[in-house]
Each structure stands twice: as C-alpha cells, then as structure tokens.
Amino acid sequence: MTSRPDRGSSAGRRRTVTGGPGPGLTGLSRSLGRVTAVRFLGSMVGLTVTVPGWRGAVPGQFALLQAEPSRCFLARALSVSDEAGEKVSFLIAPVGDGTRELCALRGGDRVWVLGPLGKGFDVDALVTGPERVVIVAGGAGVAPFPLLLSRLLVKYQAVSVGGTGGGRRTPVAGGPKVLVLLGFRDGAQSGCALPVQQAVSEMEEKGLRCRLEMAFEDGSRGPVEKATDLLDRHLRSGDRVAVCGPGAMAAAVWKVCRAVPDVETWFSLETNMACGVGSCHGCVLKLADGSDARVCHDGPVFAGKEVFGA
Amino acid sequence: MPDLSVRLGPLRLEHPVINASGTMELFELVEVLGSSVIDDPPVAAYVPKTVTLERRAGNPAPRILETTGGMINAIGLPGPGLRAFIERELPRLLALSCPVIISIGGFSRREYTALAGGLKEALDRSAGGDWTGRVGLEVNISCPNVCSGCASIGGDPGETAEVVAAVRALWPGLLVAKLTPNVTDITAIGRAAAASGADALAAVNTFKGLVIDRETLKPYLGNVTGGLSGPAIKPLALRTVYELFAAVDVPIIGMGGVATVQDVVDFISCGATAVAVGSATFREPCLARALSEGLGRFLDGRGLALGGLRGTAHTRE
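Structure report, in brief.

Reading the values: the criteria
Residues numbered from 1 in each chain as written. Chains lettered and ligands numbered in written order. Predicted model: local features only at pLDDT ≥ 70, side-chain atom pairs only at ≥ 80, totals over all residues. Heavy atoms only, no water. Contact = heavy atoms within 4.5 Å. Buried area = accessible area lost by both parts, 1.4 Å probe. Salt bridge = Lys/Arg side-chain N within 4 Å of Asp/Glu carboxyl O. Polar contact = N/O pair within 3.5 Å; in protein donor to acceptor, adjacent residues only side chain to side chain. Helix = DSSP H or I, 4+ residues; strand = E, 2+ residues; numbered from the N terminus. Buried < 20%, exposed > 50% of the residue type's maximum accessible area, 1.4 Å probe, protein only. Phe/Tyr/Trp six-rings, centres within 6.5 Å; stacked < 30°, edge-to-face > 60°. Pairing = 2+ DSSP bridges. Axes fitted to C-alpha atoms, helices over the stretch in contact; angles between N-to-C directions.

1. Some remarks on the interface of chain A and chain B
Phase 1: On the chain B side, the residues contacting the 38 residues of chain A number 42 residues.
Phase 2: Carbon and sulfur atoms supply 54% of the area that chain A and chain B bury against each other, a total of about 3200 Å² over both sides.
Phase 3: Counting the surface chain A buries against chain B, the share from its top three residues, Phe73(A), Ser279(A) and His281(A), is 20%.
Phase 4: Across the pair Glu66(B) and Arg76(A) runs a salt bridge, and its minimum N-O distance is 2.8 Å.
Phase 5: The tally of links between chain A and chain B comes to 14 residue pairs in polar contact (both at pLDDT 80 or more).

Here it is as structure tokens:
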C-alpha cells in the first residue's frame, strides 16, 4: 500500500517546512537577503548577508534572522556584528535548531532579515567618560563589538581632527583609550574573537591606542581565568564599560564595576525572543525597580543600574 | 482584485485578515516599520492586547519557547489596566483608519461588565457620535495562562452564557466571544455564546500544553503550563471552526496556526468569515496584509467570490 501524503494535504503539496511566509507574497516587512560570505570562526560562524534596504544599525542593535526555507517556526535574534552598506554581518553560535540552520548556510543561500531592532549602546556616552572605554565580552557575547569598535574609531577620529560635540578629551597618558577584555571557555570558542582582533588592529593602525586581552577558562592559553578577572585587574575610576555575555558573567561584571567609583556600565542582554519588536511580551526582564522590561524593545542594551540597582 | 470586504456585526472590514489579540503592538511597530504601519495598518481590524480591569504584571519568565511547528507561551495578560488603557491607548486607537476590536479579559462576570461598561462610557464621551461602526469588543473567556476566571468561564456553557449576556446588555457594538479549544464540546460553548447575544465567535485560543527544560527536566515555563500556537495546531483549530460553522448562525473569526494563504483559504472553506494571524506575526509583522493580497489572487485564479469560498468544506461534492 502506498500512502500519498502529498494528496489532499495542501501543506504537504506545497512544502512541509514552516520557515518563509509562502511564495509570491507581497508587502512584507522582512527582507529576503542573500548570504554573501561565510567565515568559520572556531565554534562559531560569521555570516555576512546582503540585505536589500538595510537602514544601518546602532552597535548593540539586533536583527531577526530565519533561513529560507527553514524547519523552524520563529526567527532568531542576533546582534549586528558589523555592517557596510547593505552587507550585514552576524556572529552565530550553533546552539539550537535555528542557529544551527543559520550556521549551515552557504554563499548564495537566502535568509529573512528583520531589523535593525532594539536599543543599542550609547556611543557618545561611552566616549565622553573621563577615562577609557572598556569592552567586556564572554563567548558569543563578542558579537556586537566589531561594530562598536568601528563606531568608536569614527568618533575618536572626528574628535582628533577637531570635531565638535562634547567628545574632545585629553588622551590618557601611557594607556589605551579602548580596552577590550574577552573571556572564552576554550580555544575553539575563541575563534570568534577574530573580527574583534581585526577591529582592534584597525584602530591601532589609525593611531588609536587600543588593547585586547583574552582569558581562557580551561587554562589552555595561559592561566585559568575569566573576563571578570581581567576586568578586576584593569578597571579604574572613570571608565565606561560595555558588556555582552551570559547572565552569570554579566552579574559578575556588575559586581566588579560597582566596587569602583565613577564607573558607568551598559549591558547587552541575551534572552529567548519571539517577535523582537515588543509585540509578544515574551522576553521580559525584571528590572531593579521591580518593573518588567521587554528585552527586545526596551533593550537589549540596558544601563547596569537599571538591571542590577545601585 | 475581487471584493474582499466582510461584515462582522456592525463592522465592515476591508479584507478578512486581522490579528489575534496579544500578537501585535501596532504602535511599537512604528519604530521598526515607520508611521505607514499606523496610517495604513496591515490588518483589516486591529485587536490590541487583552485589557484587564486592574494592572497586571503577567507571568514569571520564561514565558515563551519554540516548539515543533509552533511555539508555547505563558504571558499571563500583563497590562496597565482599564483606566490607563482608556487614557493612553483609546485615543490613538480611535485615530486608526481601520476598525478596532478591543479584547477584554476578566476573572468574574462583574469584571467583564465593569470593563465593557467603562469602555462604553469612554467611547460615548470621546469617540463622537455613533462609534459602533468603528469599535467592537472581544470577550476573551479563553486565556489558558491565568489561574482563575477567563478560561474557566469559557470552559462552561452556563458561565459563558452569563458573561456574554451581561456584556450584551450594556454593549451596543460588535460583540465577539473568543473561545477556548480546551473543552470537550466547543459547539456547546459556541451555542451558549451565540444564544446569549454574541455577534461573532473567535475560534480558537491556544491549546493548553507543557514543555520540559532539557537541562533541569522540570517544566520550562515560569507558569508551568502554557498555550500552544502556530502551524502545529492548525488542523485542531480548523476542526473547531468546521464544527462551529455547522452549529451556529453567527460569523466566525477563524484562527490557530494561520501562516500562509492556503491557511486562510482553509479556514474560510471551513466557514470562517474572517481569519486572524497570531504567532506567525512574530516572524513577519505585516503578514496579515500579505495574506489578504494572496487571498485575492487565489480567488481570482479560481474564479471565486469570497462568499463563494465560505463554508465550501461543508458541501458534499
């Protein structure tokens, strides 16, 4: 006996995947982009997608990505890692079905993109502090920082050629203006540091003092330590700190930062999201004042004191 | 393009595709999609998130998880409460170019009448003239994610009849009863609602479900149970529309897993007058409009009028 699941079942006749909204639909708000580059970065993948109509992101903003076709129902929220016109890059860790699907895409493959979404880092607030900009990332939390570093470079260059705005600052004698502290589980995970390392090199080439340090939890490349150990060693009063990483790391970073006077922090938080635009109320976070924030709409970047209190 | 307009009680919809309550914050989409989303909404009628009498925080996190072919949620009706809704939301809702169907959820009959009465009073005061062609009411008696009221009312024909009749007595506009599928016989609930004065039925809300955290082996959702939605539930939802169409004479708003033009066609074939897009909105905010345009092309291709499609699944040939 032959079963004919493709007869009578309209779903079976068209296709069984649930990814795209269907062929030939018009007036969609998502853009159907094409993968233009794939980089294998240790255990992560750097995906560059050409997104028609991309508006340009603030560092820390994210986009919803879904392969086309896809076996998943929902898109995945991913930080914008870098951008050049309509070429938008993402750093993706294959942690579940959706991210594995995205990591398996190859040049020319199609992917739906909605974004940029959410509130990113306040670049002006970071650069106008009395001391350095300190970037702290754990694992896949490196994702938003290549873009932040390139925007910091633009800001500092504007200042050094006599640009206006409150950004004029005297260089910190003997030390870097930007300190980047990355923590990884192991060497394989640290492959995703490459875009950050390249952004740091570019800053140095352009004459901006920038230093990068990495910590490895497995001790494979030096002492057993975390990004927070590096931060504990280097943080000083007046620093402005941008953080992205797992929840436990973020809490540990906050503990280090609150112990030093005049340190301001901003955290890019990760969470499961459905809509990415504030519609579903699924990604709520209890803030220090007891109110609920939607990470997608009110964040994903929050001031440390909003999240953790005083 | 064929005429896609439909009537739900006193409301005229430009096309049959609307959103399910709780899946679209239209005014916040402006930040992403620009003001065109307000000037020309992607839905034929906008259904805001269910309004409760008092402010509610909603359920503890985590509230959502993707499942095979869909997702589960336990949001728990967070919201600012009726007074804040009337002050902050109602004015901008009334300025929309499409009709609005306000969803209300309560924990007792008295709460439903307080909500409907409060809204009517506010509309009489601020909407100017006869507003019944612009604003309808959905009584959500089917949310699975709150501990009392709501779904327990919609699970009982007697309580459904009492709430619908009480709201009907004071609400002059479109009155929709949104039904839960988590009952033995949905036609008994649908008949009770229609007989008590509901102008239309919305079928259906989410299916109560549960997911396990693969690390802890405990229920994943903060609320333990949640409501399942998405393409996985479409055949289940279609069945409820099919059964209700045969059981009641009022129009049905079909929903449950609508993601493609074919889904819209299927719900209308089973008897739906309008169709709501729910969680598929989360991946494509403007899906409703795209589906209505696709429906138009489908009807053109088949040489059918919209009315000729409705209920065709019930005729034997």
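Let us keep going from here.
2. As for the pattern of salt bridges
Phase 1: Across all of its chains, the model carries 26 salt bridges over all chains by this definition.
Phase 2: We note a salt bridge from Glu121(B) to Arg125(B), for which the minimum N-O separation is 3.8 Å. With Glu121(B) and Arg125(B) both in helix 4 (residues 109-126) and four residues apart, the pair spans about one turn of that helix.
Phase 3: Look at Arg125(B) and you get exposed, because its relative accessible area is 59%.
Phase 4: Residue Glu243(B) is joined to Arg239(B) by a salt bridge in which the shortest nitrogen-to-oxygen separation is 3.4 Å. A residue pair is termed a helical-turn pair when its members lie 3 or 4 positions apart in one helix, as Glu243(B) and Arg239(B) do in helix 8 (residues 234-247) at four residues.
Phase 5: Arg239(B) gets classed as partly exposed once you look at its relative accessible area, which sits at 36%.
Phase 6: Each member of the salt-bridge network shares a partner with another, and the members are Arg240(A), Asp262(A) and Glu264(A).

3. Remarks on the packing of aromatic side chains
All names here are of chain A.
Phase 1: Following the criterion strictly, the structure yields six aromatic pairs over all chains and no others.
Phase 2: Note on phenylalanine 184 and phenylalanine 216: the rings are 6.2 Å apart at their centroids and 35° apart in plane angle, and the pair reads as tilted. Of this pair, phenylalanine 184 sits in strand 9 (residues 178-184) while phenylalanine 216 sits in strand 10 (residues 210-216); the two residues are 32 residues apart in sequence, bridging distant segments of the chain. Residues phenylalanine 184 and phenylalanine 216 agree in their burial class; the two are buried.
Phase 3: Considering the side-chain rings of tryptophan 254 and phenylalanine 308, the 5.4 Å spacing of their centres and the 15° angle between planes classify their relative orientation as stacked. With tryptophan 254 in helix 7 (residues 247-258) and phenylalanine 308 in helix 9 (residues 304-308), this pair connects stretches of sequence that are 54 residues apart.
Phase 4: With relative accessibility at 11%, the residue tryptophan 254 sits in the buried group.
Phase 5: Site record: aromatic cluster; members linked through ring pairs are Trp254, Phe267 and Phe308.

4. Remarks on the sheet that holds strand 4 (residues 64-67) of chain B
All names here are of chain B.
Phase 1: An order of 4-5-11-10 is seen for the four strands of this open sheet, with the pairing classed as antiparallel. With one partner strand each, in any of the chains shown, strand 4 and strand 10 (207-210) form the two edges of the open sheet. Shown here is a sheet whose adjacent strand axes are inclined to one another by a mean of 40°, direction ignored.
Phase 2: Relative to strand 11 (residues 225-229), strand 5 (residues 70-73) runs antiparallel, the two being bridged by three bridges. When the bridges of strand 11 are listed, asparagine 73 appears paired with glycine 227.

5. As for unusual backbone geometry
Residue and element names in this part refer to chain A.
Phase 1: In the segment running from glutamate 68 into proline 69, the intervening peptide bond is cis, with an omega of 0°.
Phase 2: Cis geometry is adopted by the peptide bond preceding proline 300, which originates at glycine 299 and carries an omega value of 10°.
Phase 3: Here proline 300 shows up in the loop between helix 8 (295-298) and strand 15 (301-303).
Phase 4: For histidine 281, which is not a glycine, the phi torsion comes out positive at approximately 60°.
Phase 5: Along the polypeptide, histidine 281 turns up in the loop between strand 12 (264-268) and strand 13 (284-286).

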